[in-house]
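# Per-entry structural report
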Amino acid sequence: MTNNYYSSNPTFYVGIDCIIFGFNEGELSLLLLKRNFQPAMGEWSLMGGFVQQGESVDNAAKRVLAELTGLENVYMEQVGSFGEVERDPGERVISVAYYALININEYDRELVHQHNAYWVNINELPPLIFDHPQMVKQARELMQQKASTEPIGFNLLPKLFTLSQLQSLYEAIYGEQIDKRNFRKRIAEMDYIEKTDKIDKTGSKRGAALYKFNEKAYRKAPNFKL
(Lines give C-alpha, C1' and ligand atoms only; values in the text may rest on other atoms or scores of the structure.)
Protein backbone atom coordinates (compact mmCIF):
# COMPACT_ATOMS: atom_id res chain seq x y z
CA MET A 1 0.00 0.00 0.00
CA THR A 2 2.72 2.46 1.01
CA ASN A 3 4.91 1.58 -1.97
CA ASN A 4 2.01 2.10 -4.35
CA TYR A 5 1.35 5.50 -2.82
CA TYR A 6 4.89 6.66 -3.62
CA SER A 7 5.40 4.86 -6.93
CA SER A 8 2.17 6.25 -8.37
CA ASN A 9 3.65 9.77 -8.14
CA PRO A 10 6.42 11.27 -10.28
CA THR A 11 9.97 11.79 -9.00
CA PHE A 12 12.07 14.91 -9.56
CA TYR A 13 15.64 16.07 -9.17
CA VAL A 14 16.30 18.28 -6.16
CA GLY A 15 18.90 20.89 -7.01
CA ILE A 16 21.01 23.21 -4.88
CA ASP A 17 22.03 26.71 -5.97
CA CYS A 18 24.48 28.81 -3.94
CA ILE A 19 24.51 32.62 -4.06
CA ILE A 20 28.04 33.29 -2.76
CA PHE A 21 28.73 36.85 -1.63
CA GLY A 22 32.19 38.32 -1.07
CA PHE A 23 33.45 41.82 -0.25
CA ASN A 24 36.52 43.29 -1.91
CA GLU A 25 37.85 46.85 -2.27
CA GLY A 26 34.61 48.41 -1.14
CA GLU A 27 32.41 46.36 -3.45
CA LEU A 28 30.01 43.48 -2.90
CA SER A 29 30.64 40.67 -5.39
CA LEU A 30 29.12 37.34 -6.42
CA LEU A 31 31.05 34.19 -7.29
CA LEU A 32 29.66 33.12 -10.67
CA LEU A 33 30.30 30.14 -12.89
CA LYS A 34 30.99 30.36 -16.64
CA ARG A 35 29.37 27.07 -17.59
CA ASN A 36 31.46 24.59 -19.55
CA PHE A 37 28.68 22.00 -19.72
CA GLN A 38 25.18 21.71 -21.13
CA PRO A 39 22.54 23.01 -20.87
CA ALA A 40 23.43 26.69 -21.30
CA MET A 41 27.12 26.08 -22.00
CA GLY A 42 29.12 29.31 -22.07
CA GLU A 43 26.55 31.24 -20.05
CA TRP A 44 26.81 32.60 -16.50
CA SER A 45 25.18 30.83 -13.57
CA LEU A 46 25.29 30.32 -9.85
CA MET A 47 27.22 27.39 -8.42
CA GLY A 48 24.93 24.40 -8.05
CA GLY A 49 24.56 20.66 -7.70
CA PHE A 50 22.08 17.96 -6.72
CA VAL A 51 21.02 16.46 -3.40
CA GLN A 52 22.49 12.96 -3.17
CA GLN A 53 21.22 9.75 -1.56
CA GLY A 54 21.45 9.87 2.24
CA GLU A 55 22.14 13.62 2.23
CA SER A 56 20.00 16.36 3.75
CA VAL A 57 19.31 19.51 1.74
CA ASP A 58 21.37 21.61 4.19
CA ASN A 59 24.31 19.21 3.98
CA ALA A 60 24.09 19.21 0.18
CA ALA A 61 24.39 23.00 0.20
CA LYS A 62 27.43 22.84 2.48
CA ARG A 63 29.03 20.22 0.22
CA VAL A 64 28.41 22.24 -2.96
CA LEU A 65 29.96 25.31 -1.33
CA ALA A 66 32.99 23.35 -0.07
CA GLU A 67 33.53 21.75 -3.49
CA LEU A 68 33.79 25.19 -5.08
CA THR A 69 35.58 27.22 -2.40
CA GLY A 70 37.26 24.69 -0.11
CA LEU A 71 35.55 26.40 2.83
CA GLU A 72 33.58 24.78 5.65
CA ASN A 73 31.65 26.24 8.57
CA VAL A 74 30.56 29.16 6.40
CA TYR A 75 27.58 31.39 7.18
CA MET A 76 24.73 30.11 5.01
CA GLU A 77 21.01 30.70 4.98
CA GLN A 78 18.25 29.19 2.89
CA VAL A 79 16.64 31.64 0.49
CA GLY A 80 13.76 29.48 -0.67
CA SER A 81 12.67 26.89 -3.24
CA PHE A 82 12.24 27.47 -6.95
CA GLY A 83 10.02 25.06 -8.83
CA GLU A 84 8.60 26.45 -12.05
CA VAL A 85 7.89 23.51 -14.37
CA GLU A 86 10.28 24.53 -17.15
CA ARG A 87 12.89 26.42 -15.09
CA ASP A 88 15.65 24.00 -16.19
CA PRO A 89 15.58 22.85 -19.84
CA GLY A 90 17.61 19.73 -18.99
CA GLU A 91 15.18 17.98 -16.63
CA ARG A 92 12.42 18.75 -14.16
CA VAL A 93 14.44 20.21 -11.27
CA ILE A 94 13.15 21.77 -8.07
CA SER A 95 15.97 23.87 -6.65
CA VAL A 96 16.60 25.05 -3.11
CA ALA A 97 18.71 28.22 -3.02
CA TYR A 98 21.10 29.30 -0.26
CA TYR A 99 23.17 32.40 0.16
CA ALA A 100 26.62 32.30 1.73
CA LEU A 101 28.89 35.04 3.09
CA ILE A 102 32.61 34.36 2.81
CA ASN A 103 35.86 36.19 3.46
CA ILE A 104 37.21 36.82 -0.04
CA ASN A 105 40.79 36.27 1.20
CA GLU A 106 40.26 32.76 2.54
CA TYR A 107 38.78 30.65 -0.26
CA ASP A 108 40.73 28.09 -2.34
CA ARG A 109 41.61 29.95 -5.55
CA GLU A 110 42.73 26.80 -7.35
CA LEU A 111 39.36 25.11 -6.78
CA VAL A 112 37.52 28.20 -8.00
CA HIS A 113 39.72 28.29 -11.10
CA GLN A 114 39.02 24.60 -11.79
CA HIS A 115 35.29 25.31 -11.75
CA ASN A 116 35.71 28.22 -14.17
CA ALA A 117 34.27 30.62 -11.58
CA TYR A 118 34.92 34.35 -11.19
CA TRP A 119 34.07 37.19 -8.82
CA VAL A 120 31.72 39.72 -10.39
CA ASN A 121 30.66 43.09 -8.95
CA ILE A 122 27.02 42.89 -7.77
CA ASN A 123 26.26 46.07 -9.73
CA GLU A 124 27.75 44.71 -12.97
CA LEU A 125 26.23 41.24 -13.20
CA PRO A 126 26.00 39.62 -16.64
CA PRO A 127 22.74 37.94 -17.72
CA LEU A 128 22.27 34.78 -15.64
CA ILE A 129 20.60 31.54 -16.73
CA PHE A 130 17.21 30.15 -15.74
CA ASP A 131 15.68 31.81 -12.66
CA HIS A 132 19.06 32.67 -11.13
CA PRO A 133 18.41 36.46 -11.29
CA GLN A 134 15.38 35.96 -9.06
CA MET A 135 17.44 33.88 -6.64
CA VAL A 136 20.07 36.63 -6.42
CA LYS A 137 17.41 39.32 -5.90
CA GLN A 138 15.73 37.40 -3.07
CA ALA A 139 19.07 36.51 -1.47
CA ARG A 140 20.21 40.13 -1.42
CA GLU A 141 16.90 41.30 0.08
CA LEU A 142 17.12 38.61 2.76
CA MET A 143 20.73 39.51 3.52
CA GLN A 144 19.86 43.21 3.82
CA GLN A 145 17.06 42.47 6.28
CA LYS A 146 19.26 40.21 8.41
CA ALA A 147 22.31 42.50 8.28
CA SER A 148 20.37 45.31 9.97
CA THR A 149 19.55 43.26 13.07
CA GLU A 150 22.32 40.63 13.29
CA PRO A 151 26.09 40.95 12.81
CA ILE A 152 26.23 38.64 9.78
CA GLY A 153 28.23 41.22 7.78
CA PHE A 154 31.40 40.40 9.74
CA ASN A 155 31.56 37.10 7.84
CA LEU A 156 32.57 39.15 4.78
CA LEU A 157 35.44 40.94 6.53
CA PRO A 158 38.92 39.84 7.60
CA LYS A 159 39.32 39.23 11.34
CA LEU A 160 40.89 42.68 11.74
CA PHE A 161 39.31 45.63 9.96
CA THR A 162 39.16 49.42 10.03
CA LEU A 163 35.99 51.37 10.73
CA SER A 164 36.17 52.72 7.18
CA GLN A 165 36.13 49.15 5.86
CA LEU A 166 33.20 48.33 8.09
CA GLN A 167 31.24 51.35 6.89
CA SER A 168 31.99 50.66 3.22
CA LEU A 169 30.81 47.07 3.73
CA TYR A 170 27.40 48.17 4.98
CA GLU A 171 27.17 50.79 2.26
CA ALA A 172 27.79 48.00 -0.27
CA ILE A 173 25.21 45.73 1.36
CA TYR A 174 22.49 48.41 1.28
CA GLY A 175 23.62 50.14 -1.90
CA GLU A 176 23.55 53.60 -0.32
CA GLN A 177 25.82 55.95 1.58
CA ILE A 178 25.80 56.09 5.38
CA ASP A 179 26.51 59.19 7.44
CA LYS A 180 29.98 58.70 8.92
CA ARG A 181 29.34 60.44 12.25
CA ASN A 182 26.12 58.54 12.97
CA PHE A 183 27.68 55.25 11.90
CA ARG A 184 30.66 55.64 14.22
CA LYS A 185 28.42 56.70 17.08
CA ARG A 186 26.44 53.46 16.73
CA ILE A 187 29.61 51.37 16.48
CA ALA A 188 30.98 53.02 19.66
CA GLU A 189 27.89 51.77 21.50
CA MET A 190 28.65 48.15 20.57
CA ASP A 191 31.01 46.72 23.20
CA TYR A 192 31.68 43.63 21.08
CA ILE A 193 33.37 45.66 18.30
CA GLU A 194 36.76 46.01 19.98
CA LYS A 195 39.62 48.33 19.11
CA THR A 196 42.97 46.53 18.98
CA ASP A 197 46.49 47.93 19.38
CA LYS A 198 47.23 47.21 15.72
CA ILE A 199 47.35 49.83 12.96
CA ASP A 200 46.59 49.53 9.25
CA LYS A 201 49.01 51.75 7.32
CA THR A 202 47.98 50.79 3.80
CA GLY A 203 45.84 53.92 3.41
CA SER A 204 48.11 56.56 4.96
CA LYS A 205 51.34 57.07 6.92
CA ARG A 206 49.44 57.74 10.10
CA GLY A 207 47.32 54.66 9.57
CA ALA A 208 43.95 53.64 10.97
CA ALA A 209 43.17 51.59 14.06
CA LEU A 210 42.17 47.98 13.47
CA TYR A 211 39.11 46.52 15.16
CA LYS A 212 37.78 43.02 15.71
CA PHE A 213 34.37 41.47 16.30
CA ASN A 214 34.19 39.63 19.63
CA GLU A 215 31.52 36.99 19.12
CA LYS A 216 31.73 35.76 22.72
CA ALA A 217 30.97 39.26 24.01
CA TYR A 218 28.13 39.61 21.49
CA ARG A 219 26.51 36.36 22.67
CA LYS A 220 26.36 37.72 26.21
CA ALA A 221 24.41 40.78 25.07
CA PRO A 222 23.13 40.22 21.52
CA ASN A 223 21.95 43.70 20.65
CA PHE A 224 22.77 44.77 17.09
CA LYS A 225 21.09 47.41 14.97
CA LEU A 226 22.46 49.32 11.98
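About the criteria used
Numbering of residues starts from 1 in every chain and runs along the sequence as written. Under the rules for a predicted model, residues below a pLDDT of 70 receive no local features and side-chain atom pairs below 80 are neither given nor counted, while totals for whole chains, interfaces and linings still include all residues. For the side-chain quantities, the full set of heavy atoms in the structure was used; hydrogens and water were omitted. Strands are runs of DSSP state E lasting at least 2 residues, helices are runs of H or I lasting at least 4, and numbering of each runs from the N terminus. A helix is expected to span 1.5 Å multiplied by its residue count minus one. When accessible area is computed with a 1.4 Å probe and restricted to protein chains, residues below 20% of their type maximum are described as buried, those above 50% as exposed, and intermediate ones as partly exposed. Starting at the helix axis, one direction is taken to each C-beta atom, and the arc is that of these directions. Polar contacts, as counted here, are pairs of nitrogen or oxygen atoms within 3.5 Å of one another; within protein the pair requires one atom able to donate a hydrogen and one able to accept it, and residues that are adjacent in sequence qualify only if both atoms are side-chain atoms. Contact criterion: two residues are considered in contact whenever any of their non-hydrogen atoms come within 4.5 Å of each other. UniProt positions are given in the numbering used here, feature names are shortened, and annotations may be inferred rather than shown by experiment. Delimitation of the domains relies on an automatic or database domain assignment. Once two parts are brought into contact, the accessible area they lose, counted with a 1.4 Å probe and summed over both, makes up the buried area. Each salt bridge in this description consists of a side-chain nitrogen of Lys or Arg and a carboxyl oxygen of Asp or Glu lying within 4 Å of one another. Ring pairs are drawn from Phe, Tyr and Trp, using the six-membered ring of Trp, whenever the two centres fall within 6.5 Å, and their geometry is named by plane angle: stacked under 30 degrees, edge-to-face over 60, tilted for the rest. Here, axes are lines fitted to C-alpha atoms. For helices the fit covers the stretch in contact, and angles between N-to-C directions go from 0 to 180 degrees. These descriptions rest on fixed angle ranges, namely under 35 degrees for roughly parallel, over 145 for roughly antiparallel, 65 to 115 for roughly perpendicular, and the rest for oblique. Each residue gets one label: Ala, Val, Leu, Ile, Met, Phe, Trp, Tyr, Cys and Pro are nonpolar, Asp, Glu, Lys and Arg are charged, and the others, such as Gly, are polar.

## Describing helix 2 (residues 57–69)
- Relative to the 18 Å expected for 13 residues at 1.5 Å per residue, helix 2 spans 18 Å between its end C-alpha atoms, a close match to the ideal helical length.
- All buried positions along helix 2 are accounted for by A60, A61, V64, L65, L68 and T69. Angularly, the buried residues of helix 2 cover 145° about the axis, an arc narrow enough to put them on a single face.
- G70 lies just past helix 2 and shows a positive phi near 80°.

## Digging into the side chain of N103
- Of note, N103 is situated in the loop between strand 6 (93–101) and helix 3 (109–114).
- Relative accessible area serves as the criterion here: at 7%, N103 is assigned to the buried category.
- Within polar-contact distance, the side chain of N103 engages the backbone nitrogen of N105 at 2.9 Å.
- Not counting residues up to four positions away in its chain, the partners in contact with N103 are N155, L156, L157 and P158.

## Observations regarding the UniProt feature "domain: Nudix hydrolase" (unreviewed entry) in the chain
- Per the UniProt record, "domain: Nudix hydrolase" (unreviewed entry) is found at residues 13–143.
- The span residues 13–143 is 24% helical and 37% strand by assignment, and the distance between its end C-alpha atoms comes to 27 Å.

## Regarding the domain arrangement of the chain
- Domain boundaries assigned for the chain yield domain 1 (11–146) and domain 2 (156–218).
- Taking the mean C-alpha position of each, domain 1 and domain 2 sit 28 Å from one another.
- Counting residues at the interface gives 13 residues for domain 1 and 11 residues for domain 2.
- For the pair domain 1 and domain 2, the summed buried surface comes to about 920 Å²; carbon and sulfur atoms form 61% of the total.
- On the domain 1 side of the contact with domain 2, F23, N103 and Q144 bury the most area, a combined 53% of that side's loss.
- At the junction of domain 1 and domain 2, the tally comes to one salt bridge.
- Its salt-bridge partner being E106, residue K159 comes within 3.7 Å of it at the nearest N-O pair.
- Here domain 1 is connected to domain 2 by three residue pairs in polar contact (both at pLDDT 80 or more).

## Quick notes on the packing of aromatic side chains
- Counted under the stated rule, the structure contains 14 aromatic pairs.
- Considering the side-chain rings of W44 and Y118, the 5.9 Å spacing of their centres and the 75° angle between planes classify their relative orientation as edge-to-face. Placement of W44 in strand 3 (residues 44–45) and of Y118 in strand 7 (residues 117–121) is noted, with a sequence separation of 74 residues between them.
- Here the aromatic rings of Y170 and Y174 are separated by 6.3 Å at their centres, their planes lie at 35°, and the arrangement is tilted. Residue Y170 and its partner Y174 are both found in helix 5 (residues 163–174); the two are separated by four residues, about one turn of the helix.
- Overall, Y174 belongs to the partly exposed group, its relative accessible area being 22%.

## A closer look at the packing of helix 4 (residues 132–147) against helix 5
- Two elements in contact, helix 4 and helix 5, have axes whose closest approach is 9 Å; the angle formed by their N-to-C orientations is 135°. The orientation of helix 4 with respect to helix 5, classified from their angle, is oblique. Listed contacts from helix 5 to R140, M143, Q144 and A147 of helix 4 are Y170, A172, I173 and Y174.
- In the contact of helix 4 with helix 5, the residues fall into six nonpolar, one polar and one charged.

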